[in-house]
Amino acid sequence: MHYDFNAPRPSAPDAMLANPSAIAPASQAQTVLVVEDDPLNRKLFCELLKARGYDVIGASDGLAGLAACRTYAPDLVLLDVQLPGLGGVEVAQAITDAPDAPSILAVSAFAAGADCARLRAAGCADCLAKPVAIAELLERAEDLLAEQSA
Ligand code: MN
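The structure presented is a predicted model; accordingly, all values stated were derived computationally and were not measured. Going along each chain's sequence as written, the residues are numbered from 1 onward. Only residues with pLDDT of 70 or above have their local features reported here, since the model is predicted, and side-chain atom pairs are shown and tallied only from 80 upward, although totals for entire chains, interfaces and linings are computed over all residues. Just so you know, side-chain values use all the structure's heavy atoms and leave hydrogens and water out.

(A) The pairing of strand 2 (residues 55-59), seen in detail. Pairing between two strands is assigned when DSSP locates at least 2 bridges connecting them. Helix numbering and strand numbering both begin at the N terminus, where a helix is a DSSP run of H or I of at least 4 residues and a strand a DSSP run of E of at least 2. Sheet analysis places strand 1 (residues 31-35) next to strand 2, joined by five bridges and oriented parallel. Each residue of the ladder has a partner; that of Val-32, found in strand 2, is Val-56.

(B) Highlighting the pattern of salt bridges. We define a salt bridge as a side-chain nitrogen of Lys or Arg found within 4 Å of a carboxyl oxygen belonging to Asp or Glu. Overall, the coordinates contain eight salt bridges when judged by the stated rule. With a closest N to O distance of 3.8 Å, Lys-50 and Glu-47 form a salt bridge. With Lys-50 and Glu-47 both in helix 2 (residues 39-51), this residue pair falls three residues apart, about one helical turn. On the basis of relative accessibility, which here comes to 40%, the residue Glu-47 falls in the partly exposed class. It is possible to trace a salt-bridge network through shared partners that takes in Arg-120, Asp-126, Glu-136 and Arg-140. Burial classes: relative accessible area under 20% of the type maximum marks a residue as buried, over 50% as exposed, and values in between as partly exposed (1.4 Å probe, protein chains only).

Following this line, the structure appears as structure tokens:
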């Protein structure tokens, strides 16, 4: 019987690198939390982001959004500002107070100006005014998600 200790053997790390899907968790997709009280807008934003390959969670008010943020630790929060109960500014402040906070893309019903300044001061990374152009919404969201994964 002969055993050659110098014979090349497949190394586990190389084998895994050659086939990353073999070791990948079930979903490697980034997660987006959509906090929006309008059911049609919420469904639209969720479907658009799902179609781009993200894992998406919807929340219909500020408190549910905060709870979902703590539970799912999303990479991005798409945050409507006019919400029943806890408003978007308060939600943004609460989210960004926590360590490892996700980026927040705020969607405000008021034209850019003062409202966006308030939202940025509350920790939002970016701000869009309603009505939002879908292409722009997705572009801003993907920019922030790319920053999160960098
Ligand atoms: Mn709203």
